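# Structure at a glance
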Amino acid sequence: MLERRWLTPDLEVSVLGLGTVKLGRNTGVKYPTVFDLPSDTEAANLLAVARELGINLLDTAPAYGLAEMRLGQLIKGQRDHWILGSKVGEDYDGDSHFDFTRSGAERSLARSLTRLGTDHLDYCLLHSDGNDHDVLNSGAMDALARARDNGDVRAIGISSKTPAGAMRAIELGLDIVMMTINPEHRDEIPAAQQALNANTGVLVKKAMGSGHLSARESLSMVSQVPGVSAIITGTLNPAHLRTNVQALI
Ligand SMILES: NC(=O)c1ccc[n+]([C@@H]2O[C@H](COP(=O)([O-])OP(=O)(O)OC[C@H]3O[C@@H](n4cnc5c(N)ncnc54)[C@H](OP(=O)(O)O)[C@@H]3O)[C@@H](O)[C@H]2O)c1
């Protein structure tokens, strides 16, 4: 059975989560091979396999093109099964656009709730453009704090791009930090340890270097880093999803 860990004191997640970039976007991405977006049937099958394997964590973002909209359709009638997270700050319409104003983040979050067909997100992260410190001081940060206060989101954090940004988010007491850790990117391991000390949840992105590293070896290494709550991996292939779960059992 796939292990569950506490992401926050209220959110218990499977150690493997499903990232949804490839459900909605196949341009301006750095995957090793080009791919078509999955059909609705293929996407529904992927989610059913994820659920059968014990996965309860879905990560999405407005920056993933059609992903939020598609996910909203796919999880209709099964919202309660999923721990569902999205982001604010970046949008994608063929090009990336960043907006870290308070009003921009409020609009983005409202749109995410509509697209996902839900009245709340389990978490919402600042989708950093690389300037982590500025993003953490932005109006978008205030918007997320307010959204947590009024129940639109249960936990807030940042998808950081730098070790210093991850550390700063932990110092600020955010609930969750999403960071990159894999066998070739170890700079953020001290931040994960710091997060453990501070009771901050850690989500790992790009654990397989966006598909450039061995799945089994990478997942096994990352899952053992102290502080890591869950690894978000993106795949469109149910067989790969099974392999990835097996690597963690
Ligand atoms: N917030 C951010 O700034 C940010 C940035 C990047 C990612 N993320 C989140 O993190 C998630 C994961 O990141 P990622 O997709 O960049 O990287 P990743 O999980 O390291 O790699 C995904 C790639 O690995 C391949 N893959 C997965 N399992 C495999 C297996 N068993 N064997 C061979 N290939 C395998 C997938 O291809 P197949 O489809 O062929 O399996 C896909 O192309 C995203 O979906 C997203 O939710 C967030």
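Fair warning: this is a prediction, and the values are worked out from it, not measured in the lab.

Check the secondary structure of the protein chain and you find 10 helices and 12 strands. Here the C-alpha radius of gyration of the protein chain, 16 Å, is about what a compact globule of 249 residues would show, namely 18 Å. Dimensions along the principal axes, computed over C-alpha positions, put the protein chain at roughly 40 × 35 × 35 Å. Buried residues in the protein chain amount to 54% of all 249 residues. In the protein chain, the share of contacts with a sequence separation of at least 24, taken over all contacts with a separation of at least 6, comes to 74%. Accessible surface for the protein chain amounts to roughly 10,800 Å². Of this, 47% is attributable to carbon and sulfur atoms.

So, about the site of the ligand. Lining the immediate environment of the ligand, one finds 29 residues, of which Tyr 31, Asp 59, Ser 159, Thr 235 and His 240 sit closest. Contact distances for the ligand include 2.8 Å between an oxygen atom and a backbone N or O atom of Met 208. Calculation on the ligand without its partners gives an accessible area of 890 Å², and the protein chains cover 87% of this total. Within the residue set of the shell around the ligand, elements represented by two or more residues are α1 (21-24), β12 (230-234) and α10 (238-246). Class assignment of the residues belonging to the shell around the ligand gives a composition of nine nonpolar, 14 polar and six charged.

Right, let's get into the environment of Phe 100. Its place among the elements puts Phe 100 in the loop between β7 (96-98) and α4 (102-116). A residue is classified by how much of its surface remains accessible, and Phe 100, at 14% relative accessible area, is buried. Separated by 12 residues in sequence, Phe 100 and Val 88 place their C-alpha atoms 7.8 Å apart. With sequence-adjacent residues up to four places away left out, Phe 100 is seen in contact with Val 88, Gly 89, His 127, Ser 128, Asp 129, Val 135, Ser 138, Gly 139 and Ala 140.

Another point: the nonpolar core. Grouped together as the largest cluster of nonpolar side chains are 66 residues, with contacts concentrated most on Leu 16, Leu 126, Ile 181 and Leu 241. In this view, Leu 16 contacts Leu 2, Ile 55, Leu 219, Ile 231, Thr 233, Leu 241, Asn 244, Val 245 and Leu 248; residues no more than four positions away in its chain are not counted. In terms of nonpolar packing, the next biggest core, distinct from the first, is built from 13 residues, Ile 83, Ala 155, Met 178 and Leu 203 among them.

To continue, consider the confidence of the model for the protein chain. In regions of low pLDDT, the predicted coordinates are not meant to be interpreted in detail. In this model, the protein chain carries a mean pLDDT of 97, and residues with pLDDT of at least 70 account for 100%. Between the elements of the protein chain, mean pLDDT differs from a low of 96, seen in β12, to a high of 99, seen in strand β8 (residues 121-127).

Applying the stated criterion across every chain, the model contains 12 salt bridges. A salt bridge links Glu 68 to Arg 115; the nearest nitrogen and oxygen atoms lie 3.4 Å apart. Of this pair, Glu 68 sits in helix α3 (residues 67-74) while Arg 115 sits in helix α4, and the two are 47 residues apart along the sequence. Given a relative accessible area of 1%, Glu 68 falls into the buried group. One salt bridge connects Arg 107 with Asp 99, and the closest N-O pair in it is separated by 4.0 Å.

Under the defined criterion, the tally for this structure stands at two aromatic pairs. Consider the rings of Tyr 31 and Phe 35, whose centres lie 5.8 Å apart with planes at 75 degrees: the pair is edge-to-face. Judged by its relative accessible area of 23%, Tyr 31 is partly exposed. Ring centres of Phe 98 and Phe 100 lie 6.2 Å apart, and the angle between their planes is 15 degrees; on these two criteria the pair is classed as stacked. Positioned above the aromatic ring of Phe 35 is the side chain of Lys 22, whose terminal nitrogen or guanidinium carbon lies 4.6 Å from the ring centre. Over the ring of Tyr 92 we find Arg 25; its NZ or CZ atom is 3.5 Å from the centre of that ring.

Definitions and limits used
Residues numbered from 1 in each chain as written. Predicted model: local features only at pLDDT ≥ 70, side-chain atom pairs only at ≥ 80, totals over all residues. Heavy atoms only, no water. Helix = DSSP H or I, 4+ residues; strand = E, 2+ residues; numbered from the N terminus. Rg over C-alpha atoms; globule rule 2.2 N^0.38 Å. Buried < 20%, exposed > 50% of the residue type's maximum accessible area, 1.4 Å probe, protein only. Contact = heavy atoms within 4.5 Å. Areas by Shrake-Rupley, 256 points an atom, 1.4 Å probe, with all protein chains shown as cover. Near = heavy atom within 4 Å. Polar contact = N/O pair within 3.5 Å; in protein donor to acceptor, adjacent residues only side chain to side chain. Nonpolar A, V, L, I, M, F, W, Y, C, P; charged D, E, K, R; others polar. Core = buried A, V, L, I, M, F, W, Y, C linked by side-chain atoms within 4.5 Å. pLDDT = per-residue confidence, 0-100. Salt bridge = Lys/Arg side-chain N within 4 Å of Asp/Glu carboxyl O. Phe/Tyr/Trp six-rings, centres within 6.5 Å; stacked < 30°, edge-to-face > 60°. Lys NZ or Arg CZ within 6 Å of the ring centre and 35° of its normal.

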